[in-house]
Amino acid sequence: MSSEDRIIFNGRRVLPDWPEKIEMAQHVSHISIGGVDYPRVRYGEEAGDWGADEVSCHDCAVVKGQLHVPGCDVERCPLCGGQAISCDCPYDVDDE
Ligand SMILES: [Zn+2]
Ligand SMILES: [Zn+2]
């Protein structure tokens, strides 16, 4: 993909279909881990400060209070508090 294909959304350069992915991510409010549904951690609710008061998520471009796009490296795991994409919790992956 070339950089000309990117658009500016929430101050980030993103793929043209990214706003749609963000919209879809807002409908996935819970994540199933080991058969239990946990509410996903919204941008700005992380233990660390990612600058949610000032800027959109550096990885997925959501704004404070929104749910991250699945696969975002800022999203925290609601169970262990670690990075959701790299922690060892038994995520149930049956859909997106
Ligand atoms: Zn994000
Ligand atoms: Zn975890």
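Description of the structure in this document.

Basis of the calculations
- Residues numbered from 1 in each chain as written.
- Chains lettered and ligands numbered in written order.
- Predicted model: local features only at pLDDT ≥ 70, side-chain atom pairs only at ≥ 80, totals over all residues.
- Helix = DSSP H or I, 4+ residues; strand = E, 2+ residues; numbered from the N terminus.
- Buried ≥ 20, exposed ≤ 12 C-beta atoms within 10 Å, placed from the backbone.
- Contact = placed C-beta atoms within 7 Å.

Moving on, we come to the environment of Gly11. Inspection of the secondary structure puts Gly11 in the loop between β1 (7–9) and β2 (12–14). You can call Gly11 exposed: it has 11 C-beta atoms within 10 Å. Along the primary structure Gly11 and Val55 are separated by 44 residues, whereas in three dimensions their C-alpha atoms are 7.9 Å apart. When residues no more than four places from it in sequence are discounted, the contact partners of Gly11 are Val55 and Ser56.

Right, let's get into the environment of His27. You can see His27 is positioned in the loop between α1 (18–25) and β3 (30–33). For the pair His27 and Lys64, spaced 37 residues apart in the sequence, the C-alpha separation amounts to 16 Å.

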